[in-house]
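# Summary of structural features
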Amino acid sequence: DTAVSQTPKYLVTQMGNDKSIKCEQNLGHDTMYWYKQDSKKFLKIMFSYNNKELIINETVPNRFSPKSPDKAHLNLHINSLELGDSAVYFCASSQDPGTYGNTIYFGEGSWLTVV
Amino acid sequence: SQQGEEDPQALSIQEGENATMNCSYKTSINNLQWYRQNSGRGLVHLILIRSNEREKHSGRLRVTLDTSKKSSSLLITASRAADTASYFCATLSGGSEKLVFGKGTKLTVNP
């Protein structure tokens, strides 16, 4: 069984569209994350939720809105997509946030291309 | 902001050789972790070393941590073609809930 699963894996869309990426984890973890990996492979955290509550919100345009209906799901909605949003978006989870000895489990990534 | 900086950016070796990758960071940490990313895949956790530890082993992996130099190294012994991947260090700083990743080292192991 996949521990952290995200859909879709590939998404090609036009500028100005609104799109969502869904994420689910079956590890029973309390914390979930969204990371963005750019074309230079630099991986940067965007958001973190603990038990459905937002705990980390990096400097991300407000066109990006995460939603956590329950602690096993963290979806990412992006409004008015721009060319610069093209990247790989990774969902991840961990048992606790910022805990000594924390290991993060990543999904397989969602490749977003904005044309 | 970026914390870890891996070195070298790219490394190409022959199967059977050892591969050493380095990571330097800027602020004090609680722990440092190494992850592997195969092409087109997500990141996989390899090993975690705490700030009060100096060396840790896991199979063919050996990680060292020098907090005085704010640096860590990942050694893969007897490399295999399947070790070809990008390797990232990530640090967790005191009082922070963010795991901050470096830019990674791309390792190619030639058969």
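Not measured: the values here are computed from a predicted model. (Residues numbered from 1 in each chain as written. Chains lettered and ligands numbered in written order. Predicted model: local features only at pLDDT ≥ 70, side-chain atom pairs only at ≥ 80, totals over all residues. Heavy atoms only, no water.)

## Description of the overall build of chain A
Each helix and strand counted, chain A has zero helices and eleven strands in total. Ordered by position from the N terminus, the helices and strands of chain A form the series β-β-β-β-β-β-β-β-β-β-β. In terms of overall dimensions, chain A has a C-alpha envelope of 40 × 30 × 30 Å along the principal axes. Put simply, chain A has 115 residues, and 45% of those count as buried. (Helix = DSSP H or I, 4+ residues; strand = E, 2+ residues; numbered from the N terminus. Buried < 20%, exposed > 50% of the residue type's maximum accessible area, 1.4 Å probe, protein only.)

## Observations regarding the interface of chain B and chain A
Taken together, the contact pairs 24 residues of chain B with 23 residues of chain A. Of the roughly 2000 Å² buried at the junction of chain B and chain A (both faces included), carbon and sulfur atoms supply 56%. Seen at the junction of chain B and chain A, the total is one salt bridge. For arginine 41 of chain B, the salt bridge identified is with glutamate 108 of chain A, shortest N-O distance 2.2 Å. (Contact = heavy atoms within 4.5 Å. Buried area = accessible area lost by both parts, 1.4 Å probe. Salt bridge = Lys/Arg side-chain N within 4 Å of Asp/Glu carboxyl O.)

## Let's talk about the packing of aromatic side chains
Evaluation of the coordinates by the stated rule reveals ten aromatic pairs over all chains. Relative to phenylalanine 101 of chain B, the ring of phenylalanine 106 of chain A lies with its centre 5.8 Å away and its plane at 80°, an arrangement referred to as edge-to-face. Placement of phenylalanine 106 of chain A in strand E10 (residues 105–106) and of phenylalanine 101 of chain B in strand E10 (residues 99–101) is noted, with the two residues assigned to different chains. Summarising the burial analysis for this pair, phenylalanine 106 of chain A and phenylalanine 101 of chain B share the class buried. Grouping aromatic residues by their ring pairs yields a cluster made of Tyr10, Tyr33, Tyr35, Phe90, Phe106 and Trp111 of chain A together with Tyr35 and Phe101 of chain B. (Phe/Tyr/Trp six-rings, centres within 6.5 Å; stacked < 30°, edge-to-face > 60°.)

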